[in-house]
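As a plain string of letters, each chain reads:
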Amino acid sequence: MAQATVAVLFGGRSSEHSISSVTAGGVLRALDRERFRVIPIGITREGIFVLEADDPDKFALDAAHLPDVVDNGTRVLWPEGGADRTVRVRLADGEIQQLGEVDVVLPILHGVHGEDGTVQGFFDTLGIPYAGGGVLDSALCMDKHFMKIVLQASGVTVAPWVTVTRAEWAANRALVRERAEAIGVPSFVKPARAGSSVGVSKVHDWNEFDAAVEAALVEDDKALIETAIVGREVEVAVLEGRGGDGARASLPGEIVLTTREFYDFEGKYLGGDGAEVVCPAHLSASEIAALQSQAVRAFDAVGGRGLARVDFFLTDGGIFVNELNTMPGFTPISMFPKCWIASGMTYAELISELIDTALERS
């Protein structure tokens, strides 16, 4: 079997740049080099596409120094469209080199300008296959406000919420607080279009409310105020079906909080104390089946492609979907790969599955 050429795309302009770079380290290390030829392409924080080193250690998870993609003087030159899939690079001295034809792009980008449908639309325009979500599901799931509307319309239970824009907040804070009173406290305030718990605050009383809204609006011009659901935090990994089959759901994993208020950035990526990832979660067979069914239902509701991690609250009153992530983290301590490993798939097989699904779709 001939090798497929995979362009691994990472970094990006969002606040999750470093997490994307860490994910790249894990992916570069795990890719089956007998099956795939790899072109590592980084996007700097300024949005410049550069040819990166094929060196997993350069992007290793290090809590003391999270990796970045820096401008090394190279410029990746994408095809001009049509049937051409040849990628080139202009080196720092001006020389242009051929990198060869790309069979598929693996965009392991988190957040805006990567996980929101923009990059997906770019590759659709060029006619280059890519792994993961498409334009619609990526855009929907990036915007938690519209994601909730779609899920709710499909009969999926979500936490009660209200949405506030930066303009509304600037014009009439008293009115925003009045609307938020319907949600009550404790509540969560989060940016509508950010991930990795960046800009998320838990509000215990109204004295904390203004600061929480301000923190969320630093990340986005729209924020959500959500009821704080009391329940177990459970996550299910979903993969697109192959050969016309339906989507597949993994065994659930659980976030067990001990001293941490919620599963924040430090707990997710830096190995902070007070949060433990347990996979598979200790659940009954009926609970597992219900969560898997709801995960697939939510995935189908947003027109899911490729993959998603579906985050739930499991309560005495039922199952609530918190959100879907169309490009969840693949760091060594991330839930998505752990769920599939617990379900019988290796990390390398998981990466190959994403690429093979994209190739099959093309």
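As a reminder, the structure under discussion sits directly above these lines.
Described below are features of the structure shown in this document. Owing to the predicted nature of the structure, the values given are computational and were not obtained by experimental measurement. (Residues numbered from 1 in each chain as written. Predicted model: local features only at pLDDT ≥ 70, side-chain atom pairs only at ≥ 80, totals over all residues. Heavy atoms only, no water.)

1. Some thoughts on the pairing of strand β6 (residues 96-101)
What counts is decided by this rule: Two strands pair under a simple rule: DSSP has to find at least two bridges between them. Strands here mean DSSP runs of E at least two residues long; helices mean DSSP runs of H or I at least four residues long; both are numbered from the N terminus.
As judged from the five bridges shared by strand β5 (residues 86-90) and β6, these two strands associate in the antiparallel manner. The partner of R90 across the bridge, within β6, is I96.

2. Some words on the side chain of S14
Definition in use: Throughout, exposure labels follow a simple rule: accessible area from a 1.4 Å probe, protein chains only, divided by the maximum for the residue type, with under 20% read as buried, over 50% as exposed, and the rest as partly exposed. Definition of a polar contact: a pair of N or O atoms within 3.5 Å, with one able to donate and the other able to accept a hydrogen when the atoms are protein atoms, and with sequence-neighbouring residues admitted only if both atoms are side-chain atoms.
Within the fold, S14 resides in the loop between β1 (4-11) and α1 (17-30). Classification of S14 as buried rests on a relative accessible area of 5%. In this structure the side chain of S14 is engaged in a polar contact, spanning 3.0 Å, whose partner is the backbone nitrogen of E16. A distance of 2.7 Å separates the side chain of S14 from the backbone oxygen of H110, its partner in a polar contact.

3. Some thoughts on the packing of aromatic side chains
Defined as follows: Any two of the Phe, Tyr and Trp rings considered here, Trp counted by its six-membered ring, make a pair once their centres fall within 6.5 Å; the pair's planes then place it as stacked at under 30 degrees, edge-to-face at over 60, or tilted in between.
Under the defined criterion, the tally for this structure stands at ten aromatic pairs. For the pair W206 and F209, a centre-to-centre distance of 5.4 Å together with 70° between the ring planes defines the contact as edge-to-face. Since its relative accessible area comes to 35%, W206 is described here as partly exposed. F209 gets classed as buried once you look at its relative accessible area, which sits at 0%. On the basis of an interplanar angle of 35° and a centroid distance of 6.5 Å, the ring pair of F330 and Y347 is categorised as tilted. Residue F330 is found in the loop between β17 (318-325) and α10 (335-342), and its partner Y347 is found in helix α11 (residues 347-361); the two are separated by 17 residues along the sequence. We classify F330 as buried; its relative accessible area is 1%. Look at Y347 and you get partly exposed, because its relative accessible area is 22%. Three or more aromatic residues link up through ring pairs in this structure, and these residues are F49, W78, F122, F123 and Y130.

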